[in-house]
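Given next are the chains, with one letter for each unit.
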Amino acid sequence: MADPVPCLDFFSLDFDALAALRTEGLQPPNPRVRPLDNLNKCRRILPSDVPESLANAPVRGPRSQESIAAQQRAKARTSLLLEKAAERARQAKVLDTIADKIRQGPLGLLVRCYEERARIQVWTRHTHGIRGTMVGFVRALDKHFNMVLHDVDEQYSVRRRVPRLVNKRGRAKVPKNEEEMSANSLLDKVREDGTERQRKEQIAVGVENLTEAMKELRLFPKLEYRRRHLKQVFVRGDSVVMVRKLV
Amino acid sequence: MGKRGQRAFERTLVCVIQALMGLELLVELRNDLSIRGILDDCDNAMNVIIKDATVEDVEGVQKQLPLVFLRGSNIRFVHIPDNVDIMKLVEERRLMLDQAATAYTGKGAPAPKPQASVTTA
């Protein structure tokens, strides 16, 4: 290894620290020594004959009364400010604070509706598709679109399974021994008997049996539209699709 | 500054549901089921426990269930009783929580910092 240049030699009197920092690839003699945080920390390791060493540090006198008093006043001021801020935080209404957080951004429109007590129209959803709309006033609001609505008119659709009479799947079987119950034989029977009541009964029974043979009750999915009025309702945000402000 | 964000539920409207604890509510689910009963408990995720519940489906078929645990994500609506003022209830609950916090531990509620004692070198 070549002799280090005096200004870059860590042990020489002509050591130039700035030049050493600017030199690439220069390693201190013991690279595992931890660097110090600031210059003050190096005072402890300086020899006592150096004027900057700790041994020659000026002795700090006792704190003057003015400085102590000044510190007390400063602390009193900050604690008072903290108290005031805490009091203000307590006074602020929870619901207002929550709504306040979303004032910036697109939800700000909703916050204005909340403050102006404006009427809004909210579109709600099923798992697949729109469920309906709710028109009402906003009482509370948050970033998830959770809302408490007041005086609400809701128009919505519900998926139901409705039983209906339909033709049986496949070929309808009319049992042989009941062939006499077929439509024509019914009419013949009716003409035979005189009494009207008996006639009606026979027709009814005949029709029922025929129906049973040929038709069945099946459940069909149906979209049913309903509307209702709600005084106060909490709407969870994940059911909301869209909100519109009404004039 | 008081401990801002001390209570996670006070940043969303879950605090409204929590303020309704103990009241009889109608909860409508995302699958069009409605559960009417007394709201026993509610957590930060809006999961609720309902006591003495009557479950009714779209067709109108009713069923009695003594205790129901409902995952919050399944809720669509919570019908609040007409005479209830949510603003008032939420504030009352928050006051109660603040008082409860100071009563037991002396910490928890926003309180003024004590004066530092004088030290001499």
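Above: the structure in question.
Counting starts from 1 at the beginning of each chain's written sequence and moves along it residue by residue. Starting at A for chains and at 1 for ligands, labels are handed out in the order in which the entities are written. This being a predicted model, a pLDDT of at least 70 is required before a residue's local features are given, and a value of 80 or more before pairs of side-chain atoms are given or counted; all residues contribute to the totals for chains, interfaces and linings. Side-chain measures were taken over the full set of non-hydrogen atoms in the model, leaving aside hydrogen atoms and water.

What follows concerns the overall build of chain B. Regarding its fold elements, chain B presents two helices and five strands. Under the scheme used here, helices are H or I runs from DSSP no shorter than 4 residues and strands are E runs no shorter than 2 residues, and both carry numbers assigned from the N terminus. Going from N to C terminus, chain B has its helices and strands arranged as α-β-β-β-β-β-α. Here the term buried applies to any residue with accessible area under 20% of the maximum for its type, exposed to any over 50%, and partly exposed to those in between, with areas from a 1.4 Å probe on protein chains only. Out of the 121 residues in chain B, the part that is buried amounts to 41%. In chain B, 44% of the contacts between residues at least 6 apart in sequence involve partners at least 24 apart. For accessible areas, the Shrake-Rupley method is used with a probe of radius 1.4 Å. Any residue's cover is judged against the shown protein chains and nothing else. Accessible surface, chain B as shown: approximately 6,900 Å² in total, 54% of it carbon and sulfur. Contacts: residue pairs with any heavy atoms within 4.5 Å of one another.

On a plain count of helices and strands, chain A comes out with six helices and five strands. Listed by position from the N terminus, the elements making up chain A come as α-α-α-α-β-β-β-α-α-β-β. Across the 247 residues that make up chain A, the buried fraction comes to 25%. Restricting the contact set of chain A to residue pairs at least 6 apart, pairs at least 24 apart contribute 60%. Accessible area of chain A: about 18,400 Å², with a carbon and sulfur share of 54%.

Once that is clear, we can look at unusual backbone geometry. Positive phi, close to 60°, is recorded for A:Asp151, a residue that is not glycine. The residue B:Asp52 is not glycine, and still its phi comes out positive at about 50°. The residue B:Asp52 is located in strand E3 (residues 48–56) in this model.

Turning to the sheet that holds strand E3 (residues 147–167) of chain A, a few remarks are in order. Spatially, the ten strands line up as an open sheet ordered E5(A)-E1(A)-E2(A)-E3(A)-E4(A)-E5(B)-E1(B)-E2(B)-E3(B)-E4(B), and their pairing is antiparallel. Edge positions in the sheet fall to strand E5 (240–246) of chain A together with strand E4 (62–70) of chain B, since each has one partner strand and no second. The average undirected angle you get between the axes of adjacent strands in this sheet is 30°. Each pair of strands is called paired provided DSSP finds at least two bridges between the two strands. Where strand E2 (residues 34–42) of chain B meets E3(B), seven bridges bridge the pair, whose relative direction is antiparallel. Considered in E3(B), the bridge of B:Ile38 is made with B:Lys51. Fitted lines through C-alpha atoms serve as axes, helices being fitted only where they are in contact, and the angles separating the N-to-C directions of these axes extend from 0 to 180 degrees. Strands strand E1 (119–125), strand E2 (130–141) and E5 of chain A of the sheet are contacted by helix H4 (residues 108–116) of chain A, whose axis makes an angle of about 60° with E2(A).

Attention now moves to the pairing of E1(A). Residue and element names in this part refer to chain A. Two elements, E1 and E5, share six bridges in a ladder whose sense is antiparallel. What sits directly across from Ile-120, in E5, is Lys-245. As judged from the seven bridges shared by E1 and E2, these two strands associate in the antiparallel manner. Following the sheet pairing, Trp-123 is matched in E2 by Thr-133. Linking E1 back to E2 in an antiparallel pair, the connection comprises four residues, with Gly-129 at a positive phi of about 100°.

So, to be careful, I would describe these as geometric facts and stop short of saying anything about function.
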